[in-house]
Amino acid sequence: MSRGDYSYSDRDNRYRRGSLLMKCLITILILAIIALAALLVYEIRFREYQNPWAQAQAQKESMEAAEAALREESEKNEQSAPDSGVVPLISDEEEDSLETQANRLALQYDYDGAISLLRSQPGYDRNDRFKNLVSTYESTKAGCSAYPIDQITHIFFHTLIWDDAKAFDGDEDEAGYNQVMTTVSEFDSIITQMYNRGYVMVSLHDMASVADDGTLTTKEILLPPGKIPFVLSMDDCSYYHYMDGDGFAQKLIVTDDGKVKNTYIEDDGSVSVGDYDLVPILDTFVQQHPDFSYHGHKGVLALTGYEGVLGYRTDEVYKTREEGRITEYQRAFFEANPDFDFDKEVAEAKAVADAMKAEGWEFASHTWGHINPRQYTIEQVQRDSQRWHDWVVPVVGETDILIFAFGADIGDWQPYTYDNEYYAHYKSMGFNFYCNVDSSVKAWVQVGPDFLRQGRRNLDGYRMYYSPELVSDLYDVDSAWDSNRPTPVPEM
Ligand SMILES: [Zn+2]
């Protein structure tokens, strides 16, 4: 072997040793990679396995909890739950009825009411039908804007004339009826025209809220574009004795099915029940056109007390029959009704007032004696208010609305102050809303720190005959005018 060989074989040995080391390293590396990969795969698989299990477990638990709550609920609702199967949270019928209720609230612009009604139902989070409705209400509400409170108009009527021939019969009352009253056919036309123009009936209490200390804050009336709020009032809904036989309703009653209707005395003495005056006519109209009413609110009835309210003889004098106070009309009434029972009369009147309030109607004082306060001393006014409080409030409940008789007021256009003894008196009696008559402008609203005043517009024979242009924003007089109305309407 040559040196060179040796050295060759020496070099060869060194090379072989290096190659072995390399092989070992590579093997270790490969094993490490495999181990790492295996660990990774295990880790991923473990997690994949672990998570769905936890989820399924949580789902199962929450479903069991929901089912338990549901069983408890249906047990509470005295419905015996079937032994097997999942009881639905709300039945289809209940869901339909809730949708109808919510739609009606939304139709009357009470979007918050509709939303909270559905949201408060059990299982709302899983009820796509309710969730879709709520998002519709939310987007409709987002398209609404607040109507300026000081631009809200207020219209008023008296008892409506049902039978024109009897009201316009040439007797001594005809002129008065022709001037200050509206016939049923005119009223039908007026509200239909106003509805078609986008008018929506609101309450004075939608315009401002009253704090415990008697201060007022204006509220927001949210309406969709094109809708115009207005207040409606009806004066002297007493069915006074002098109107007997002149073609007016007799009284308001509650029917067996809970509806407020009128009675009407026919020529043969029989009693008919139906929509003979403003209250049931408007109730029926709103039933057919719910969107004519904001949050279900209707009109406000301005009542006196001296011959009772709503056609019921509930005043003190009908109880005491005190000589010196009793009128010829009242004497004739007792002769015609020998079985008159005062307590029964009050109870019936109260039932009517309660049913009306439930239907969205409100009551206002028109003063007990139909007085213009400033023509009387403050002591006389206080006595009048006391009679209102003693003989009308027990029937219709408390009210904070004062609608002056004769379109009068207790001050000029400047805001009321406590220096005005009439204001100080009425405010102390709890009145916060005060209405006069002002047809010269479309709207007159004055909001003071502790009162809201509003002018009202008369839509009667006098207004329609002499200044139809003053109501053209509300309706077209030519199409509403009742051709049975004698002309010219007598001047005042
Ligand atoms: Zn009046």
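One structure accompanies this document, and this report is about it. (Residues numbered from 1 in each chain as written. Predicted model: local features only at pLDDT ≥ 70, side-chain atom pairs only at ≥ 80, totals over all residues.)

### Some thoughts on the packing of helix α2 (residues 92–107) against helix α3 (residues 111–119)
At a minimum axis separation of 7 Å, α2 and α3 run at an interaxial angle of 160 degrees. In terms of their interaxial angle, α2 and α3 are classed as roughly antiparallel. Handedness of the α2/α3 crossing: left-handed. Across from Leu98, Gln101, Ala102, Leu105 and Ala106 in α2, the residues of α3 making contact are Tyr111, Gly113, Ala114, Leu117 and Leu118. (Axes fitted to C-alpha atoms, helices over the stretch in contact; angles between N-to-C directions. Helix = DSSP H or I, 4+ residues; strand = E, 2+ residues; numbered from the N terminus. Parallel < 35°, antiparallel > 145°, perpendicular 65-115°, else oblique. Left-handed = near helix turned anticlockwise from the far one by under 90°. Contact = placed C-beta atoms within 7 Å.)

### Side note on the nonpolar core
A general tendency of soluble globular proteins is for nonpolar side chains to be buried together. Ala114, Leu118 and Leu301 are the most contacted members of the largest nonpolar core, which has 103 residues in total. When near neighbours in sequence (up to four residues on either side) are disregarded, Leu118 contacts Leu98, Ala102, Tyr124, Phe130, Leu133 and Val134. (Core = buried A, V, L, I, M, F, W, Y, C linked by C-beta atoms within 7 Å. Buried ≥ 20, exposed ≤ 12 C-beta atoms within 10 Å, placed from the backbone.)

### Considering the environment of Val202
Within the fold, Val202 resides in the loop between β3 (199–201) and α8 (204–207). Each C-alpha atom of the pair Val202 and Tyr294 lies 5.3 Å from the other, and the pair is 92 residues apart in sequence. Setting aside residues no more than four positions away along its own chain, Val202 makes contact with Ile221, Pro229, Phe230, Val231, Tyr294 and His297.

### Concerning the environment of Val184
Considering the arrangement of structural elements, one finds Val184 in helix α7 (residues 184–196). A count of 20 C-beta atoms within 10 Å places Val184 in the buried class. Residues Val184 and Ile281 lie 97 residues apart in sequence; the distance between their C-alpha atoms is 8.7 Å. Leave out the neighbours within four places in its chain, and Val184 touches Leu160, Ile161, Trp162 and Ile281.

### Quick notes on unusual backbone geometry
With the exception of glycine, most residues fall at negative phi, and the peptide bonds are largely trans. A cis amide bond links Thr487 to the next residue, Pro488, at an omega of -5 degrees. Positive phi, normally seen in glycine, also occurs at Leu310, with a value near 60 degrees. Take Leu310: it is sitting in the loop between β11 (300–303) and α10 (316–320). The exposure class of Leu310 is buried, given the 25 C-beta atoms found within 10 Å. A positive phi angle, close to 50 degrees, is found at Arg321, a residue other than glycine. Of note, Arg321 is situated in the loop between α10 and α11 (328–336).

### Remarks on the packing of helix α13 (residues 378–391) against helix α15 (residues 421–428)
Here α13 crosses α15 at 20 degrees, and the two axes come no closer than 11 Å. Here α13 is positioned roughly parallel relative to α15, judged by the angle of their axes. Regarding α13 and α15, the two cross each other, and that crossing is right-handed. Contacts from Ile378, Val381 and Gln382 in α13 reach Glu421, Tyr422 and His425 in α15. Here the contact of α13 with α15 is composed, by residue class, of three nonpolar, two polar and one charged. (Nonpolar A, V, L, I, M, F, W, Y, C, P; charged D, E, K, R; others polar.)

### Quick notes on α2
In this model α2 runs 22 Å from its N-terminal to its C-terminal C-alpha over 16 residues, within 8% of the 22 Å that 1.5 Å per residue would give. Residues of α2 that are buried include every one of Leu98, Ala102, Leu105 and Ala106, and no others. Looking straight down α2, one finds its buried side chains confined to an arc of 95 degrees; they lie on one side. Facing away from the buried side of α2 by over 90 degrees, the exposed positions are Asp92, Glu93, Asp96, Ser97 and Thr100. In this structure, the buried residues of α2 make contact with α3 and α4 (128–142). A positive backbone phi angle near 70 degrees is found at Tyr109, which sits one or two residues after α2. (Expected span 1.5 Å × (residues − 1). Arc of directions from axis to C-beta.)

### Examining α13
Look at α13: 20 Å from first C-alpha to last across 14 residues, which is about the 20 Å you get at 1.5 Å a residue. Every buried residue of α13 is listed here: Val381, Asp384, Ser385, Trp388 and Trp391. Along the axis of α13, the buried residues cluster in a sector spanning 155 degrees; they form a single face. Facing away from the buried surface of α13 by more than 90 degrees, the exposed residues are Glu379 and Gln386. Of the surrounding secondary structure, the elements contacted by the buried residues of α13 are α10, β12 (362–365), α14 (393–396) and α15.

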